[in-house]
Amino acid sequence: MTITETPASYTAASTLRVTADNAIEYAYRDLGESDVPLVLLQHFRGNLDNWDPALVDALAVDRRLVAFDNVGVGATTGATPNTVEAMAHDAIAFIEALSLQQIDLLGFSIGSFVAQEIALIRPDLLRRVVLASSAPQGAAGMHGWAPEVIGAVGAPETSPEGYLSVFFAPTKTSLEAGQEAAGRIFGGRTTDRDEPTTWQTRQAQYDAVCTWGIPNHSLLERVSAIDLPVVVANGDSDPMILPRYSYLLAGLLPNARVTIYPDAAHGFLFQHHSQFAADVHAFLEEAD
């Protein structure tokens, strides 16, 4: 693929479109340059504009970075499927539409579930994987989120207060960082903003989350087939996907390490964007 532009920042990146073999037109943003691009998989109900520009810019300093809306999300056409497996196949269709032969993958929240599935379905496509706020399929206690969590982020009309209560820890330092991140995310881009995610996407994604979390000890063994280098990361106070699942997942993966960020919750990668980006860079630059 020929990159037609190299924007200086994620805020300035145009929203591009490509039609895949599944007849879906995907919306995406593309910046930076490198032989192996880093592809981002977004969180529950998130679209292109829900990535923190400070994080994306830091990640794209010396590599190509591609963020996209999966099927039915934001400006991408179609209806959002209600299983992680289907989302993974849809993501693969997008990657193939860009003619990408090998990628690094960063999945956040439900995006980290999709990343695991891609690694199982198409391991030769991936070089290295970062799983942020993640859990393996079948983990006990993951069948849906706590009432206060889904109440905060799953209501028909979300609020800044609900976002902050889940994505940031209930401390002065974390909440201040959350306010700064929210300012960058929701106020940084004023034109060419993405379409908001729909209620259909919310329902389908939460169905997929709940199905992923049905306790099933035998399904935990699936990830042992992922022998790629993996980093599993989380905040130490994540109420949405508890840090213990990071340790469980990393223990099941044959080639993984865990990093837990202090005084942080689900949005640790936005709060600690500089450190997280540096850690991801170091991991991706390691010799294979």
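Right above here is the structure, for reference.
Help me understand the overall build of the protein chain in this model?
When helices and strands are tallied, the protein chain shows 10 helices and eight strands. Taken over the C-alpha trace, the protein chain has a radius of gyration of 17 Å; the compact-globule value for 288 residues is 19 Å, and the two agree within 12%. For the C-alpha atoms alone, the extent of the protein chain along its principal axes is close to 45 × 40 × 35 Å. Of all 288 residues assigned to the protein chain, the portion counted as buried reaches 58%.

Looking at this model, I keep getting lost on the sheet that holds strand E8 (residues 256–261). Mind explaining?
Sheets are built from strands paired through backbone hydrogen bonds, the pairs being either parallel or antiparallel. Pairing is mixed across the open sheet formed by eight strands, whose spatial order is E1-E2-E4-E3-E5-E6-E7-E8. Edge positions in the sheet fall to strand E1 (16–19) and E8, since each of these pairs with one other strand and no more. Across the sheet, the axes of successive neighbouring strands diverge by a mean angle of 25°, strand direction being ignored. Where E1 lies against strand E2 (residues 25–31), four bridges are found, and the strand directions are antiparallel.

Can you help me understand the packing of aromatic side chains in this one?
To describe a pair of aromatic rings, you give the distance between the ring centres and the angle between the ring planes. Applying the stated criterion to the full structure yields 17 aromatic pairs. Note on Tyr-26 and Phe-94: the rings are 5.3 Å apart at their centroids and 45° apart in plane angle, and the pair reads as tilted. Remark: Phe-94 occurs in helix H2 (residues 84–97) and Tyr-26 occurs in strand E2; sequence separation between them is 68 residues. Both residues of the pair, Tyr-26 and Phe-94, belong to the buried class. Where Trp-51 meets Phe-108, the ring centres are 6.3 Å apart and the plane angle is 45°; that geometry is what we call tilted.

What is the right way to look at unusual backbone geometry in this model?
Note: most residues except glycine have negative phi, and most peptide bonds are trans. For Ser-99, which is not glycine, the phi torsion reads 60° and is therefore positive. For Ser-99, the location among the structural elements is in the loop between H2 and strand E5 (103–108). In this structure, Asp-192 is a non-glycine residue whose phi angle is positive, near 55°. By the element assignment, Asp-192 lies in the loop between helix H6 (172–187) and helix H7 (199–212). Taking the relative accessible area as the measure of exposure, Asp-192 reaches 41% and is therefore partly exposed.

When you look at the side chain of Thr-201 in this model, what are you seeing that I'm missing?
With respect to the helices, strands and loops of the structure, Thr-201 is situated in helix H7. Contacts of Thr-201, omitting those with residues within four sequence positions, involve Gly-72, Val-73 and Thr-80.

Can you walk me through the pairing of E5 in this structure?
Working note: regular strand, side chains alternate between the two faces of the sheet. With six of six residues buried, E5 is to be regarded as a mostly interior element. Covered by surrounding structure in E5 are Ile-103, Leu-105 and Gly-107 together with Asp-104, Leu-106 and Phe-108, the residues of both alternating faces. Relative to strand E6 (residues 126–132), E5 is paired through five bridges, and the arrangement is parallel. Residue pairing across strands places Phe-108 opposite Ala-132, the latter belonging to E6.

I would appreciate a short explanation of the pattern of salt bridges in the present structure.
Should their charged atoms come close, side chains of opposite charge can pair. One pass over the structure, following the stated rule, counts 13 salt bridges. Arg-193 is the partner of Asp-49 in a salt bridge, and the nearest nitrogen-oxygen pair spans 3.8 Å. Linking Asp-49 in the loop between strand E3 (38–41) and helix H1 (53–59) with Arg-193 in the loop between H6 and H7, this pair joins segments that are 144 residues apart in sequence. Note that Glu-286 is salt-bridged to Arg-257, the shortest N-O span being 2.8 Å. Of the two residues, Glu-286 is situated in the segment after helix H10 (273–285) and Arg-257 in strand E8; the sequence distance between them amounts to 29 residues.

Hey, could you run me through the nonpolar core in this one?
In summary, soluble globular proteins display a tendency toward joint burial of nonpolar side chains. Core analysis: the biggest nonpolar cluster contains 96 residues, and Phe-270 and Phe-276 have the highest contact counts within it. No other element matches H2, which puts eight residues into this core. Residue contacts for Phe-270: discarding those within four places in its chain leaves Asn-50, Trp-51, Asp-52, Leu-55, Phe-108, Tyr-163, Phe-168, Ala-181, Arg-184 and Ile-185.

Scoring rules and cut-offs
Residues numbered from 1 in each chain as written. Predicted model: local features only at pLDDT ≥ 70, side-chain atom pairs only at ≥ 80, totals over all residues. Heavy atoms only, no water. Helix = DSSP H or I, 4+ residues; strand = E, 2+ residues; numbered from the N terminus. Rg over C-alpha atoms; globule rule 2.2 N^0.38 Å. Buried < 20%, exposed > 50% of the residue type's maximum accessible area, 1.4 Å probe, protein only. Pairing = 2+ DSSP bridges. Axes fitted to C-alpha atoms, helices over the stretch in contact; angles between N-to-C directions. Phe/Tyr/Trp six-rings, centres within 6.5 Å; stacked < 30°, edge-to-face > 60°. Contact = heavy atoms within 4.5 Å. Salt bridge = Lys/Arg side-chain N within 4 Å of Asp/Glu carboxyl O. Core = buried A, V, L, I, M, F, W, Y, C linked by side-chain atoms within 4.5 Å.

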